[in-house]
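Here are the chains, one letter per residue:
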Amino acid sequence: MYHRRILPKKSLGQHFLKDAGIARRIAETLSGYHGLPVLEVGPGMGVLTRFLLDEGHDLSVVEIDRESIDYLHRHFPALAGRILADDFLEMDLAALYPGKTFCVIGNYPYHISSQIFFKALDYREQIVCCSGMIQKEMAERLAAGPGSKTYGVISALIQPWYDVEYLFTVGAEVFDPPPKVQSAVIRMTRNSRKTLDCDEQLYRQVVKTSFNQRRKTLRNSMKPLLGKDFPDYALPIFDLRPERLSVEQFMELTRMTDRYLQSSTGGIFP
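The sections below set out a description of the structure shown in this document. The structure displayed is predicted, hence computed values, not measured ones.

Considerations on helix 6 (residues 136-143)
Phase 1: Inspection of helix 6 places M138, A139 and L142 among the buried residues, and these make up the whole buried set. For helix 6, the arc enclosing every buried residue in end-on projection is 100°, short of the 170-degree limit, so these residues lie on one face.
Phase 2: Each element contacted by the buried residues of helix 6 is listed here: helix 5 (113-122), strand 6 (127-135), helix 7 (153-158), strand 7 (162-170) and strand 9 (183-190).

What about the packing of aromatic side chains?
Phase 1: Here the structure, examined in full by the defined rule, presents 9 aromatic pairs.
Phase 2: Look at F230 and Y260: their rings are 4.9 Å apart centre to centre, the planes differ by 85°, and that puts the pair in the edge-to-face class. Within this pair, whereas F230 is found in the loop between helix 10 (223-226) and helix 11 (247-265), its partner Y260 is found in helix 11, the two being separated by 30 residues in sequence.
Phase 3: F230 sits in the buried class, given a relative accessible area of 5%.
Phase 4: Pairwise contacts between aromatic rings join Y151, Y203, F211 and F250 into one cluster.
Phase 5: Over the ring of F168 we find R25, and its NZ or CZ is 3.7 Å from the ring centre.

Brief notes about the nonpolar core
Phase 1: If you look at the biggest cluster of nonpolar residues, it comprises 57 residues, and the most contacted ones within it are L142, Y203 and F250.
Phase 2: The element contributing the most residues to this core is helix 11, with 7 residues.
Phase 3: When residues no more than four places from it in sequence are discounted, the contact partners of F250 are Y151, A156, Y203, V206, V207, S210, F211, P242 and L245.
Phase 4: Counting residues in each nonpolar core, the second largest holds 30 residues, with L17, Y33, V38 and V185 among its members.

Examining the pairing of strand 5 (residues 102-107)
Regular strands place their side chains on alternate faces of the sheet.
Phase 1: Here strand 5 lies mainly inside the structure; 6 of its 6 residues are buried.
Phase 2: Here strand 5 shows two buried faces, one formed by F102, V104 and G106 and the other by C103, I105 and N107.
Phase 3: For strand 2 (residues 37-41) and strand 5, the ladder comprises 4 bridges, and the chain directions are parallel. In the strand pairing of strand 5, V38 is matched with C103.
Phase 4: Strand direction decides the pairing type here: strand 5 and strand 6, joined by 6 bridges, are parallel. Among the inter-strand pairings, N107 is bridged to a residue of strand 6, identified as M133.
Phase 5: This β-α-β element, strand 5 to helix 5 to strand 6, shows right-handed connectivity.

Things to note about the sheet that holds strand 5
Phase 1: If you walk across this open sheet you meet the 7 strands as 4-3-2-5-6-9-7, and the pairing is mixed. Strands at the two margins of the open sheet, each flanked by one partner only, are strand 4 (83-85) and strand 7. The sheet shows a mean angle of 20° between the axes of neighbouring strands, taken without regard to direction.

Description of the pairing of strand 9
Phase 1: Counting buried residues along strand 9, 7 of its 8 residues qualify, which places the element largely inside the surrounding structure.
Phase 2: Summarising the sheet, strand 6 and strand 9 pair through 7 bridges and their orientation is antiparallel. Bridge pairing in strand 9 links C130 to M188.
Phase 3: One ladder, built from 8 bridges, connects strand 7 with strand 9; its direction is antiparallel. Bridging across to strand 9, E165 finds its partner in R187.

Re the environment of K136
Phase 1: Tracing the chain through its elements places K136 in helix 6.
Phase 2: It is 22 Å that separates the C-alpha atoms of K136 and G46, two residues lying 90 residues apart in sequence.

A closer look at the pattern of salt bridges
Phase 1: Counted under the stated rule, the structure contains 11 salt bridges.
Phase 2: Residue E200 pairs with R204 through a salt bridge whose shortest N-O separation is 3.9 Å. Note that E200 and R204 are positioned in helix 8 (residues 200-211) at a spacing of 4 residues, about one turn of the helix.
Phase 3: The exposure class of E200 is partly exposed, given its relative accessible area of 26%.
Phase 4: We note a salt bridge from D239 to R219, for which the minimum N-O separation is 2.6 Å. Residue D239 is located in the loop between helix 10 and helix 11, and its partner R219 is located in helix 9 (residues 218-221); the two are separated by 20 residues in the primary sequence.
Phase 5: Salt bridges here are not isolated pairs; linked through shared partners, they connect R124, E200 and R204.

The rules we used
- Residues numbered from 1 in each chain as written.
- Predicted model: local features only at pLDDT ≥ 70, side-chain atom pairs only at ≥ 80, totals over all residues.
- Heavy atoms only, no water.
- Buried < 20%, exposed > 50% of the residue type's maximum accessible area, 1.4 Å probe, protein only.
- Helix = DSSP H or I, 4+ residues; strand = E, 2+ residues; numbered from the N terminus.
- Arc of directions from axis to C-beta.
- Contact = heavy atoms within 4.5 Å.
- Phe/Tyr/Trp six-rings, centres within 6.5 Å; stacked < 30°, edge-to-face > 60°.
- Lys NZ or Arg CZ within 6 Å of the ring centre and 35° of its normal.
- Core = buried A, V, L, I, M, F, W, Y, C linked by side-chain atoms within 4.5 Å.
- Pairing = 2+ DSSP bridges.
- Right-handed = clockwise from strand over helix to strand, strands pointing away.
- Axes fitted to C-alpha atoms, helices over the stretch in contact; angles between N-to-C directions.
- Salt bridge = Lys/Arg side-chain N within 4 Å of Asp/Glu carboxyl O.

In structure tokens, the structure reads:
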């Protein structure tokens, strides 16, 4: 079996998938994208890689672990010239796929999965689909809608640009070593939105500020950004807690914040 050839490294957050059926189902999340290049993040010993190749994808892989890289070179000759020894989080994806749209997939290291999705967000004009396996809690947060206890910063930042599907849950027993948490497979599909109807940088700041005190109403949680003398705290939106706001309401809050900051600080955001 692939997973017994290399000892997983705790420092890299490695939990090698050993269930071929699960790997096949993950590969099938990209079944509608055969005409596009695919980049697999952290292939390890290739249990997912082989199904992506069997599916006929135009596949490249990026791996940071030298032992895994050597294994892939030995066992996957079809990937000659397409095994990238690099850190995905540091890569210039526009240089790798100049002017092209592509997909990202992987059995992602759980301790950096949020960074991986924010990296995808930075390249949202090129990454049309991002799917794979992550910690169940993170998957729930990505897919959660307004009003859910798991709806938070990453939900409100990713969902303006991607439609997120929670596909299925995966138990710990299919990994070597078994993680202490459950896992889940998700798929993020780029939607048709081209721009936000507000300042994007300020939108991020508003979302993060509001969730810093998620149990409080916006009237309290937004004070670090708006100050205590903001004149419109009586508006109904400020009676809400941040997890109640849709993307459209966060954009409304951002426009409101923008107008106030422009008038009170000359356009210099705190």
